[in-house]
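The primary structure of each chain is shown beneath.
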Amino acid sequence: PALIFAAYAQFKVSSTYNRFSRVDNRNGWIAAEVARRILDSNGLHDVQIQRISGNLTDNYNPSTNIISLSDSVYSSKSVAAIGVAAHECGHAIQYAKEYTPIRIRAAIVPATGVASRLAVPLVLIGTVLSFYAEKLLALAYAGIILFGICVLFQLITLPVEFNASRRAREILVSEDILSGREVVGVTKVLNAAAMTYVAALATSILQMIRLLGIVRRNR
């Protein structure tokens, strides 16, 4: 069920983005201009904006202080592209205002990287070796704990993404960048994107439960 939900979420974000990528904003802004305006209005003149290849590969890198907008977003005048650009600006604002969840997420990124690589191999190795020495089952439980770190990271990601989207919508309205109907389109695009994070969390939680069930059954 979680995998079906994840597939649906990915389809929803693609279809919603494609729909509103054909709707240009009334003021003729391009996404990169909107991003610059949002950043400057929040005092973030040092945050740079660059163009990168790909489709929906947009991101904000706090280590370099650069917002990267993809080819399909950077010079687009569509409501969808402006929503994506504003969302990434929302992340930059979160760091500037020291939004607690994004600071916590940034702090556990190194641990999450290690955990994502070792969790499942440890569960498998520990489960197999436990047939020869039961105490080695502890390796499998260690793998589950590491997998739990990955789940925690995804859990913290939810408020970060929802907050960035809320900031984006509020700024687009307060700065009179988009009209009411255009903001509705942005909201649909950002909500569809947020659904993918919910689906990823649900998949990871059920996967962890599954791994735990395997270990307990072998025990």
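The notes below deal with the structure included here.

**Looking at a nonpolar patch on the surface**
Taken together, the side chains of Ile 125, Val 128, Leu 129, Phe 131, Tyr 132 and Leu 139 define a hydrophobic patch exposed on the protein surface, amounting to about 630 Å² of accessible area. Ranked by residues supplied to the nonpolar patch, first place goes to helix 5 (residues 100-129) with three residues. For Tyr 132, a relative accessible area of 70% translates into the label exposed.

**Observations concerning the packing of aromatic side chains**
Within the structure shown, the criterion is met by one aromatic pair. Ring centres of Tyr 60 and Tyr 95 lie 5.8 Å apart, and the angle between their planes is 55 degrees; this geometry places the pair in the tilted category. Residue Tyr 60 is found in strand 2 (residues 59-61), and its partner Tyr 95 is found in helix 4 (residues 79-96); the two are separated by 35 residues along the sequence. The pair formed by Tyr 60 and Tyr 95 is uniform in burial state, with each residue classed as buried. Positioned above the aromatic ring of Tyr 99, the side-chain terminus of Arg 167 is 5.5 Å from the ring centre.

**Focus on the layout of surface pockets**
What the largest pocket holds in volume is close to 560 Å³. Of all the elements, helix 7 (residues 180-218) adds the most residues to the lining of the largest pocket, at six residues. Tallied by class, the residues present in the lining of the largest pocket amount to 16 nonpolar, seven polar and four charged.

**A word on the nonpolar core**
Counting residues in hydrophobic clusters, the biggest one holds 37 residues, and the most contacted among them are Ile 38, Ile 67, Val 73 and Leu 172. Elements with a minimum of two residues in this core: helix 1 (2-20), helix 2 (31-41), strand 3 (66-70), helix 4, helix 6 (137-174) and helix 7. In contact with Val 73, not counting residues within four places along its chain, are Tyr 17, Ala 31, Leu 56, Asp 58, Ala 81, Val 84 and Ala 85. Within the second largest apolar cluster, 11 residues are counted, among which are Val 123, Ala 140, Val 151 and Val 215.

**Quick word on helix 4**
Residues lying three or four places apart along an α-helix face the same way, a consequence of the helix completing one turn every 3.6 residues. With 18 residues, helix 4 ought to run about 26 Å at 1.5 Å a step, and its terminal C-alpha atoms sit 26 Å apart, in line with that. Buried residues dominate helix 4, accounting for 17 of its 18 residues. Note on helix 4: the residue one or two positions beyond its end, Glu 98, has a positive phi of about 55 degrees.

**Here's the deal with the pairing of strand 3**
The buried count for strand 3 comes to five of five residues, which makes it a mostly enclosed element. Neither face of strand 3 is left uncovered, since the one carrying Ile 66, Ser 68 and Ser 70 and the one carrying Ile 67 and Leu 69 both have all their residues buried. In this structure, strand 1 (residues 48-52) lies alongside strand 3, joined through five bridges in parallel fashion. Note on strand 3: the bridge partner recorded for Gln 48 is Ile 66. Connecting strand 2 to the antiparallel partner strand 3 that follows it, the hairpin turn spans four residues, and Asn 65 within it adopts a positive phi of roughly 60 degrees.

The rules behind these values
Throughout this description, residue numbers start from 1 for each chain and increase along the sequence as written. Reporting in this predicted model follows two pLDDT cut-offs: at least 70 for local features of residues, and 80 or more for side-chain atom pairs to be given and counted; totals over whole chains, interfaces and linings ignore these cut-offs and use all residues. Working from all heavy atoms in the structure, the side-chain values ignore hydrogens and water. For patch detection, residues must exceed 30% relative accessible area and be free of salt bridges, and they are connected within 9 Å for like charges or within 5 Å for nonpolar side chains (Val, Leu, Ile, Met, Phe, Trp, Tyr). Shrake-Rupley sampling with a 1.4 Å probe provides the accessible areas, and residues are treated as covered by the protein chains on show and by no other component. Salt bridges are defined as contacts in which a side-chain nitrogen from Lys or Arg sits within 4 Å of a carboxyl oxygen from Asp or Glu. A helix here means a DSSP run of H or I that spans at least four residues, while a strand means a run of E at least two residues long, and both kinds are numbered starting from the N terminus. Classification of residues uses two cut-offs on accessible area relative to the type maximum, computed with a 1.4 Å probe and protein chains only: under 20% is buried, over 50% is exposed, and between them is partly exposed. The pairing test for Phe, Tyr and Trp rings, Trp by its six-membered ring, is centres within 6.5 Å, and the orientation test on the planes gives stacked under 30 degrees, edge-to-face over 60, and tilted for anything in between. Each ring is checked for a lysine NZ or an arginine CZ that lies within 6 Å of its centre and within 35 degrees of its normal; such an atom marks a charge sitting over the ring. In this analysis the probe radius is 1.4 Å and the grid spacing 1 Å, with only protein atoms considered; a cavity is a set of points the probe fits into but cannot get out of, a pocket is an open set with protein on both sides within 12 Å along at least five of seven lines, and lining residues have an atom within 4 Å of a point. Grid points are joined across faces, edges and corners, and a volume is the space filled by probe spheres set on the points. Classification convention: Asp, Glu, Lys, Arg as charged; Ala, Val, Leu, Ile, Met, Phe, Trp, Tyr, Cys, Pro as nonpolar; all other residues, Gly among them, as polar. What we call a nonpolar core is a set of buried Ala, Val, Leu, Ile, Met, Phe, Trp, Tyr and Cys residues that are connected through their side-chain atoms within 4.5 Å. For this analysis, residues touch if any pair of their heavy atoms sits within 4.5 Å. Multiply 1.5 Å by the residue count of a helix minus one, and that product is the helix's expected span. Any two strands with at least two DSSP bridges between them are considered paired.

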